[in-house]
Amino acid sequence: MASIDLFTTDNLLRYISEWDPREPAHTKGGYMDGEIKIPNVEGKLRMEIQTYPAEDVDELVANVHPCLLHVVRIGKGKREQELEPVPTYYHWKQVFEIEDGIVKIINRKSELDVEKDGFTPRPVPEIDEITKVDGNSIVLGRKRGQLNLILLQPKQQARAKPTEATVTKVLADRLQKSKEKIEMYEQFFKKKNAKNLKRVRLRVDFYKANGTHCGHSISPQTIVDTGNKEIGSMDFYDATPHKSCIKGGRKIIMVSEYNLAKDVSPIFEVYDDFGEPRPELDQFLTQPTDFNRRNQTIIFITPPQPSLHEITENLNNWTIKLLAKRKGDGYKSNKMFNFRYIDHEFNSCPFCDYKVDSDELVKIEAGIERPKPRQKKRIMTCTPVVRTEKRQRIQSTDEQSCGSSETSSYLKSSPAYSMSSSYEMPVNTPDSGIDIPFNGYNSDGGYTSNSDLEYTTTLTQEDLNNLSAMTEQAKFVVVEEDAQFPKAYVTGAQFQNMNQPLLQNFGVRSMMEIPSLNFESHWGPEELTGTAEDLIENIDVDQLLITMNIHEDICTPQPADISNIGSSFFTAPSVAPANAFMTQKDPWMSQGTMPFIKQGPVLLQQRIQSDSTIQSDNAKPTEEEDVLRTASEVFKRKQGKSKKDKTHIDQKQTERKQKPVPESLFIEDLPLLTMIFMALIIIFKLIGEATVEMPQFAVIASSMATAIFMIFMKNKFFT
């Protein structure tokens, strides 16, 4: 009588791509162990093995299952995958022939059985021997000489490639029905019914040579996919801590090896001294209800246990085991952890009074909320970006001398200075080289078109026509509309009357003995009159030195000191510093005193030694000078050529002397030596077999000596 029994009931189902015989090193395991008994029938038998669903599935799919069967060819220490056809959608059934105790497989090839070039067929035989009948049975296993049978699961239609087997294709080939009906069957193997795809049995049918059915059998065992979290393996890595007070309230963490199903919960069970469970005593235990389950973690708070004395009354020696249970199929984890409840002592309980775990209230954290529309679940902590603001440019004293609107209200004259005093630039000015922040507002003084000060002047048509004459009379040049007016040309007489407001405001009597006048009358938008006189060209140096009381021997050029850039040209007794009250927005001078120091003399030298625009008359060379110059040039050319030739000859001799001699290292010749040695061994071996047999050591020694000699000759004559 025919029958099939499986010794293995759990396997990790693999996809077809993981067992593809066209790819090397794609052997993943998962062989089925079992035994098939054949009926006592004489002659040739035809055996068909196919996948079959579990017992508790819907009646509509009670005789159909989409998983595939694949026969692996195990050879001498390796897989003979060139003899295996590529699994596809019609390999839900495998066909064999049994004759004279020999089992042969009938391979069914497809368009996928080609080499990587795409058109060369793979050498898969049509019929091939795989095993033999042992007594009256065929053994299923993983060894050579056994029937090496594995299960493969097809992919869903949305995840598969066009050439791969899918659940839809397998069901269509098995049922031979329309697409609409196939979709109805497919619903029982996807989404919430996907566990039906992970549970499979085997059915075997036998037929005589004339096609008469002579027996069949369905395996009573159901193979379960261990990789499925709802029906597969559930092993825990660790749990901690393992102790709690009988009043409960301690946080326990259990860590799983794999992902957990949604119906897994922690439980306590009672075991006796022999490690046997006592389910009748579990009723006295309070099971955890306050727990949080993550992908691979269970966190719960131990419940109080007020009825532990009831267990002691029924069983003297007992222990509590902590494990996990899956509600769907009732499966319990294999690994269990010993757990202990200790008595609570008033004011001396290590968990309740001394708080060994935490000073805060023990609770289970809520965790991250489920994703919502327009709200991200995974958020990374953003590092604050430090924005560096660009510092406002600090203008120099020349640019600010007439540009600050804040100071124009009380400072209306140019800086006055004395012929008999010198000053030193304060360290808090922008030109001193010391960077001091300035938050003031810098205005252009109303002298540009972008100014915040408005000047309304009405020009008639006659003024516009005579604009060139007006500018020539005013002695300044009309520039772009945004140019600074303080750069206009001013006469010396006007400059003499520009310092009076400064002397009145700051208490400085006189700095250069020049009378002051309204600042804007000369530097503002008013008309400038007078003639200019260049005073620097008319300075009498001797009179200047006498005025300064300096001897001529002292007036030697001195190196300039850049630190005294703010010093005056004249030396005189120092003047008492003046206190100047400046606003915070004025960058000219800081609040406080402005020091004045004595400075040494500076020698005034002529700036222009000669005028490059004046061309001097060049003296025409004489005839004798031309002859001498020509002879000198010829001699120099000959002398240079002889030196060049000599240098070229010396360079060639040096290169010839320093030409490196290539050296052949032994390590470089080692590959060639090995090849020659191996070739000579083969030659001498063939010669010995054809003529006189030579001893092995003689062949090796002769080959080595000849190879070394050939390498020596190569290095000596051919390099």
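Structural notes, computed from the coordinates. (Residues numbered from 1 in each chain as written. Predicted model: local features only at pLDDT ≥ 70, side-chain atom pairs only at ≥ 80, totals over all residues. Heavy atoms only, no water.)

A word on the overall build of the protein chain
At step 1: Counting secondary structure elements, the protein chain contains 13 helices and 24 strands.
At step 2: Burial analysis of the protein chain (719 residues in total) assigns 33% to the buried set.
At step 3: A separation of at least 24 residues holds for 68% of the contacts in the protein chain among residues at least 6 apart in sequence.
At step 4: Split by element, the accessible area of the protein chain, about 48,300 Å² in all, is 53% carbon and sulfur. (Helix = DSSP H or I, 4+ residues; strand = E, 2+ residues; numbered from the N terminus. Buried < 20%, exposed > 50% of the residue type's maximum accessible area, 1.4 Å probe, protein only. Contact = heavy atoms within 4.5 Å. Areas by Shrake-Rupley, 256 points an atom, 1.4 Å probe, with all protein chains shown as cover.)

Section: the sheet that holds strand β22 (residues 337–342)
At step 1: Read from one edge of the open sheet, four strands run β16-β22-β21-β18, paired in mixed fashion. Edge strands, defined here as strands with exactly one partner in the open sheet, are β16 (243–245) and β18 (264–271). Geometrically, the sheet is characterised by an average inter-axis angle of 35° between neighbouring strands, direction not taken into account.
At step 2: Bridging between β16 and β22 involves three bridges; their strand directions are parallel. Bridging from a neighbouring strand, Ser244 pairs with Tyr341 of β22. (Pairing = 2+ DSSP bridges. Axes fitted to C-alpha atoms, helices over the stretch in contact; angles between N-to-C directions.)

Observations concerning the environment of Gly101
At step 1: Within the secondary structure layout, Gly101 lies in the loop between β7 (93–99) and β8 (102–106).
At step 2: Once the C-alpha coordinates of Gly101 and Val133 are considered, the two residues, 32 residues apart in sequence, prove to be 5.0 Å apart.
At step 3: Beyond its immediate sequence surroundings of up to four residues, Gly101 is in contact with Lys132 and Val133.

A few points about the side chain of Arg326
At step 1: Relative to the assigned elements, Arg326 resides in strand β21 (residues 319–326).
At step 2: A relative accessible area of 1% places Arg326 in the buried class.
At step 3: Excluding anything up to four places from it in sequence, Arg326 contacts Lys229, Glu230, Ile231, Gly232, Ser233, Met234, Ala261, Asp263, Val264 and Tyr331.

What about the packing of aromatic side chains?
At step 1: Scanning the entire structure with this criterion turns up six aromatic pairs.
At step 2: On the numbers, 5.9 Å between centres and 80° between planes, the contact of Trp19 with Tyr31 is edge-to-face. One end of the pair, Trp19, is in the loop between β3 (14–15) and β4 (34–37); the other, Tyr31, is in the loop between β3 and β4, with twelve residues separating them in the sequence. Of the two residues examined, Trp19 and Tyr31, each falls in the buried class.
At step 3: On the basis of an interplanar angle of 70° and a centroid distance of 6.1 Å, the ring pair of Phe268 and Tyr341 is categorised as edge-to-face. With Phe268 in strand β18 and Tyr341 in strand β22, this pair connects stretches of sequence that are 73 residues apart. Of the two residues, Phe268 and Tyr341, both sit in the buried class.
At step 4: Three or more aromatic residues joined by ring pairs make a cluster, and in this case those are Phe268, Phe300, Phe339 and Tyr341.
At step 5: In this structure, Lys155 packs its charged tip against the face of Tyr15, placed 6.0 Å from the ring centre. (Phe/Tyr/Trp six-rings, centres within 6.5 Å; stacked < 30°, edge-to-face > 60°. Lys NZ or Arg CZ within 6 Å of the ring centre and 35° of its normal.)

Observations regarding the sheet that holds strand β20 (residues 297–301)
At step 1: In spatial order, the strands read β15-β17-β20-β19; together these four strands make up an open sheet with antiparallel pairing. Each having just a single partner strand, β15 (236–240) and β19 (291–293) make up the two edges of the open sheet. For this sheet, the mean angle separating the axes of adjacent strands, direction not counted, is 10°.

Observations concerning the packing of helix α1 (residues 167–175) against helix α2 (residues 179–186)
At step 1: At a closest axis distance of 10 Å, the pairing of α1 and α2 adopts a crossing angle of 115°. With respect to the hand of their crossing, α1 and α2 are arranged in right-handed fashion. Contacts between α1 and α2 pair Val167, Thr168, Leu171, Ala172 and Leu175 from the former with Ile182, Tyr185 and Glu186 from the latter.
At step 2: For the contact of α1 with α2, the per-class residue count stands at six nonpolar, one polar and one charged. (Left-handed = near helix turned anticlockwise from the far one by under 90°. Nonpolar A, V, L, I, M, F, W, Y, C, P; charged D, E, K, R; others polar.)

Thoughts on the pairing of β21
Consecutive side chains of a regular strand alternate in pointing toward one face of the sheet and then the other.
At step 1: Taken across its eight residues, β21 has six buried, putting it largely inside the fold.
At step 2: The sheet contact formed by β18 and β21 spans eight bridges and is antiparallel. Opposite Val264, over in β21, you have Arg326 as the bridge partner.
At step 3: Here three bridges tie β21 to β22, and the two strands are oriented antiparallel to one another. By the bridge assignment, Ile320 is partnered in β22 with Phe339.

Focus on the state of the cysteines
At step 1: This structure, assessed with the given rule, holds zero disulfides.
At step 2: Cys352 carries a free sulfur, and the closest cysteine sulfur to it, the one in Cys349, is 3.7 Å from it.
At step 3: Here Cys352 falls in the partly exposed class, since its relative accessible area comes to 28%. (Disulfide = S-S within 2.5 Å.)

Brief notes about α1
At step 1: Those residues of α1 not exposed but buried are Val167, Val170, Leu171 and Arg174. Across the axial projection of α1, the buried residues extend over an arc of 95°, all falling on one side.
At step 2: If you follow the buried residues of α1, they end up packed against β5 (45–52), β6 (68–71) and α2. (Arc of directions from axis to C-beta.)

Digging into unusual backbone geometry
At step 1: Backbone torsion omega between Thr240 and Pro241 reads -5°, so that peptide bond is classified as cis.
At step 2: Mapped onto the elements of the fold, Pro241 is located in the loop between β15 and β16.
At step 3: At Gln176, a residue that is not glycine, the phi angle is positive and equals roughly 55°.
At step 4: Turning to its location among the elements, Gln176 is positioned in the loop between α1 and α2.
At step 5: You can call Gln176 exposed: its relative accessible area is 60%.

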